[in-house]
Amino acid sequence: MKNVKTHISEYLNYCQSQKRLNQKTLKAYRTDLGQMECQLPTDDILSITPMVLENYIADLHRRYAPRTVRRKIASIKAFFRFLEQKERIDRSPFHKMEIKFREPVILPKTISLHTIETFLSAIYQQYKNALRDAAVIEILFATGIRISELCSLRPKDVDLQDNCILIYGKGSKERKIQIGNDDVNCILQKYKSSYLTEMQACDHFFANQNQTPLSDQSVRRMINRYTSLASIDLHITPHMFRHTFATSLLEADVDIRYIQKMLGHNSIHVTEIYTHVAMAKQRDILRTKHPRKDLRIGERAD
């Protein structure tokens, strides 16, 4: 009988070779399942009962934030679902197990449009030396693309004739999104002309001058550099451009289901987090802009 560690190894190989999951997701699975394997009281996969998992999940709640616990549970569930499908076990111990806990709503952090304008101005002032950087930020803001998706783009995925990008999202799911701004398309055209050799050498749309693919860490360092250059007092991350993209469209009355498709969300419930941001903005507008705040009404006699 194979032990838990061997089953985990088999599952991770399946995720890499068959499901074609990216390295970031595989690393998370490896961490979550390895942690479970080390802390379970048994090495026999058939001895892992619902009670064993309930005790382990209770320990996770004591040690981690709700969002982290939710991710770890999802990793473990997927592992046991695989074992059940492959008939390594008769039934997943999660069968009929109810796991409920309230996860606090953490509103996505966005960037004000004025700050984005200041940020882009700092890049364009360095134009000759920052052509690629301008193209990166423009795509982040124009499409709401994830940083991992951006760094994975191939030259063939970016069609600057039809102004659209083919994006391979989570779970290798494809979506196509238009580049709706002529200025953005123009900077991408100029970048492509200047970096064509580097792009072809590494088969990535965004490349370094040494002909290697642009990494997500390089993008983060680049954002930090221009934030400092523009004297912006805000820690800006690549994902904040995605949040700002979604929130701006929602505030412009774009149907949330269109936004869901553009972001590549499987569920509308994930996209609905942006409605909380829009409501927070609405409260701020009505509190500070509504004329009622300027009315001075004295006490009236009964």
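For the structure, see preceding data.
Residues numbered from 1 in each chain as written. Predicted model: local features only at pLDDT ≥ 70, side-chain atom pairs only at ≥ 80, totals over all residues. Heavy atoms only, no water.

What follows covers the overall build of the protein chain. Counting its regular elements, the protein chain contains 13 helices and 3 strands. Dimensions of the protein chain, computed from C-alpha atoms along their principal axes, come out at roughly 80 × 70 × 35 Å. Evaluated residue by residue, the protein chain yields a buried proportion of 40% over its 302 residues. A sequence separation of at least 24 residues applies to 58% of the contacts in the protein chain between residues at least 6 apart. For the protein chain, the accessible area works out to roughly 18,500 Å², and carbon and sulfur atoms hold 48% of it. (Helix = DSSP H or I, 4+ residues; strand = E, 2+ residues; numbered from the N terminus. Buried < 20%, exposed > 50% of the residue type's maximum accessible area, 1.4 Å probe, protein only. Contact = heavy atoms within 4.5 Å. Areas by Shrake-Rupley, 256 points an atom, 1.4 Å probe, with all protein chains shown as cover.)

The geometry of helix H6 (residues 131–143) relative to helix H10 (residues 238–251) is characterised by a closest axis approach of 7 Å and an angle of 35° between their N-to-C directions. Contacts from Ile-137, Leu-140, Phe-141, Ala-142 and Thr-143 of H6 reach H10 at Pro-238, Phe-241, Thr-244 and Phe-245. Class assignment for the residues of the contact of H6 with H10 results in 7 nonpolar, 2 polar and no charged. (Axes fitted to C-alpha atoms, helices over the stretch in contact; angles between N-to-C directions. Nonpolar A, V, L, I, M, F, W, Y, C, P; charged D, E, K, R; others polar.)

Looking now at the state of the cysteines. As enumerated under the stated definition, the model contains 0 disulfides in all. Free cysteine Cys-38: the closest other cysteine sulfur is in Cys-15, separated by 18 Å. On the basis of relative accessibility, which here comes to 64%, the residue Cys-38 falls in the exposed class. In this structure Cys-151 is not part of a disulfide, and its nearest cysteine sulfur, from Cys-202, lies 11 Å away. (Disulfide = S-S within 2.5 Å.)

What follows covers the sheet that holds strand S2 (residues 164–168). Strand order in the open sheet formed by 3 strands is S1-S2-S3, and the pairing between neighbours is antiparallel. In this open sheet, the two edge strands, each paired with only one partner strand, are strand S1 (158–159) and strand S3 (174–178). Where S1 meets S2, 2 bridges bridge the pair, whose relative direction is antiparallel. Bridge pairing links Asp-159 to Cys-164 in S2. (Pairing = 2+ DSSP bridges.)

A word on the layout of surface pockets. In this model, the second largest pocket occupies a volume close to 300 Å³. What lines the second largest pocket is a set of 16 residues, among which Phe-141, Ala-142, Asn-181, Val-184 and Phe-245 lie closest to the centre. Looking at the lining of the second largest pocket, the elements with two or more residues in it are H6, S3, helix H8 (182–202) and H10. The greatest single-element share of the lining of the second largest pocket, amounting to 4 residues, is contributed by H10. (1 Å grid on protein atoms, 1.4 Å probe; cavity = no way out; pocket = protein on both sides within 12 Å on 5 of 7 lines; lining within 4 Å. Points joined across faces, edges and corners; volume = space filled by probe spheres on them.)

Okay, the pairing of S2 next. Counting the residues that bridge the hairpin from S1 to S2 gives 4 residues, and of these Asn-163 lies at a positive phi of roughly 55°. Pairing of S2 with S3 involves 5 bridges; the strand directions are antiparallel. When the sheet's bridge partners are listed, Tyr-168 is paired in S3 with Glu-174.

One can describe the packing of helix H2 (residues 23–39) onto helix H4 (residues 66–85) by two numbers: an axis separation of 9 Å at closest approach and a directional angle of 85°. The pairing of H2 with H4 is recorded here as roughly perpendicular in orientation. Side by side, H2 and H4 meet where Ala-28, Tyr-29, Asp-32, Leu-33, Gln-35 and Met-36 of the first sit next to Arg-71, Lys-72, Ser-75, Ile-76, Phe-79 and Phe-80 of the second. Looking at the contact of H2 with H4, its residues break down into 7 nonpolar, 2 polar and 3 charged. (Parallel < 35°, antiparallel > 145°, perpendicular 65-115°, else oblique.)

On to helix H5 (residues 113–124), then. With 12 residues, H5 ought to run about 16 Å at 1.5 Å a step, and its terminal C-alpha atoms sit 16 Å apart, in line with that. Within the span of H5, buried status applies to Thr-115, Ile-116, Phe-119, Leu-120, Ala-122 and Ile-123. For H5, the angular spread of the buried residues around the axis is 155°, confining them to a single face. Seen from the open side of H5, the exposed residues pointing more than 90 degrees away from its buried face are Leu-113, His-114 and Glu-117. (Expected span 1.5 Å × (residues − 1). Arc of directions from axis to C-beta.)

Now for the nonpolar core. One finds Ile-137 and Phe-206 to be the most contacted residues of the largest nonpolar core, which totals 54 residues. In this structure, Leu-21, Met-36, Ala-78 and Met-97 belong to the second largest nonpolar core, which totals 29 residues. (Core = buried A, V, L, I, M, F, W, Y, C linked by side-chain atoms within 4.5 Å.)

What follows concerns unusual backbone geometry. Within the chain, Arg-20 stands out as a residue other than glycine whose phi angle is a positive 60°. As for its position among the elements, Arg-20 is in the loop between helix H1 (4–17) and H2. Judged by relative accessible area, which is 58%, Arg-20 ranks as exposed. The backbone of Glu-87 shows a phi angle near 60°, a positive value even though the residue is not glycine.

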